[in-house]
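Breakdown of the fold
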Amino acid sequence: RVGQKPMPIVTEVLDPLTKHQLQAINIQDYVMSNEVVSAVLAMVAECRAVNKILEQLLTSGGPEIYLVPVSKYSKNELEMNFFEMMVTTRKNTGAILLGYVDVAGEVHLNPKDKLEKRKWDLKDQFIMLTEFVH
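The structure reproduced in this document is the subject of the present report.

Here is what the cut-offs are and how they apply
- Residues numbered from 1 in each chain as written.
- Predicted model: local features only at pLDDT ≥ 70, side-chain atom pairs only at ≥ 80, totals over all residues.
- Heavy atoms only, no water.
- Salt bridge = Lys/Arg side-chain N within 4 Å of Asp/Glu carboxyl O.
- Helix = DSSP H or I, 4+ residues; strand = E, 2+ residues; numbered from the N terminus.
- Buried < 20%, exposed > 50% of the residue type's maximum accessible area, 1.4 Å probe, protein only.
- Expected span 1.5 Å × (residues − 1).
- Contact = heavy atoms within 4.5 Å.
- Polar contact = N/O pair within 3.5 Å; in protein donor to acceptor, adjacent residues only side chain to side chain.
- Axes fitted to C-alpha atoms, helices over the stretch in contact; angles between N-to-C directions.
- Parallel < 35°, antiparallel > 145°, perpendicular 65-115°, else oblique.
- Nonpolar A, V, L, I, M, F, W, Y, C, P; charged D, E, K, R; others polar.
- Core = buried A, V, L, I, M, F, W, Y, C linked by side-chain atoms within 4.5 Å.

Bringing the pattern of salt bridges into the picture now. For side chains bearing opposite charge, pairing can occur when the charged atoms are close. Here the structure, examined in full by the defined rule, presents 3 salt bridges. Two residues, Glu35 and Lys19, come together in a salt bridge whose shortest N-O distance is 3.1 Å. You can see Glu35 sitting in helix H2 (residues 33–46) and its partner Lys19 sitting in helix H1 (residues 16–24), a full 16 residues away along the chain. Judged by relative accessible area, which is 41%, Glu35 ranks as partly exposed. What makes Lys19 buried here is its relative accessible area of 18%. One salt bridge connects Lys117 with Glu84, and the closest N-O pair in it is separated by 3.1 Å. Taken together, the residues span a long stretch of sequence, with Lys117 in strand S7 (residues 117–120) and Glu84 in helix H4 (residues 82–93) at a distance of 33 residues. Given a relative accessible area of 46%, Lys117 falls into the partly exposed group.

On to H4. Taking 1.5 Å of rise per residue, the 12 residues of H4 would be expected to cover 16 Å, and the 16 Å separating its terminal C-alpha atoms lies within 8% of that figure. Along its buried surface, H4 packs onto strand S4 (78–81), strand S5 (96–101), S7 and strand S8 (125–130). With a side-chain oxygen lying 3.1 Å from the backbone nitrogen of Phe83, the N-terminal cap of H4 falls on Asn81.

With that out of the way, let us pick up the packing of H2 against helix H3 (residues 50–58). Helices that pack against each other are described as a pair by the angle of their axes relative to one another and the distance between those axes. At a minimum axis distance of 8 Å, the contact between H2 and H3 shows a crossing angle of 150°. As far as their axial angle goes, H3 and H2 are roughly antiparallel. Only Val50, Asn51, Leu54 and Leu58 of H3 make contact with H2, whose side of the interface consists of Val40, Met43 and Val44. In the contact of H2 with H3, the residues fall into 6 nonpolar, 1 polar and no charged.

Turning to its location among the elements, Ser33 is positioned in helix H2. If we ignore the near neighbours within four places in the chain, the residues touching Ser33 are Glu12, Val13 and Leu14.

The next thing to look at is the nonpolar core. Judged by nonpolar contacts, Val68, Val70, Met80, Phe82, Met85, Ala95, Leu97, Tyr100, Trp120, Phe126 and Met128 together constitute the single largest core of 11 residues. If near-sequence neighbours (up to four positions away) are discounted, Val70 is found in contact with Leu78, Trp120, Asp121, Leu122, Asp124, Gln125 and Phe126.

Spatial relationships are all this shows, so hold off on functional conclusions.
See the structure below:
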């Protein structure tokens, strides 16, 4: 469609040689599923309690991670710290705020400076864990 961003096609790659070839030509839209499975098994082997968490996150019926623009919740730029935003999000939507993507496209997952006030641009995006987007 004219004026819309193209949607990437993500493929599953099993062969490490294919992964290196894709990286050589700067293609980043792929999933190394065997690496994901290995990482999940390693986490569970290290701590069995993680299995329940991963089970919730990786099943089709559990919560999902969404990128939600700040503009969905406010018509004006907001000025508050991440902790205040986290509490407000939880109270108003039931979602868990994991982080954000700023206007420059930089990902801030579980930011360290949670008490530092910042101006939330309407084009910033929240990284939310929720059953559905409110």
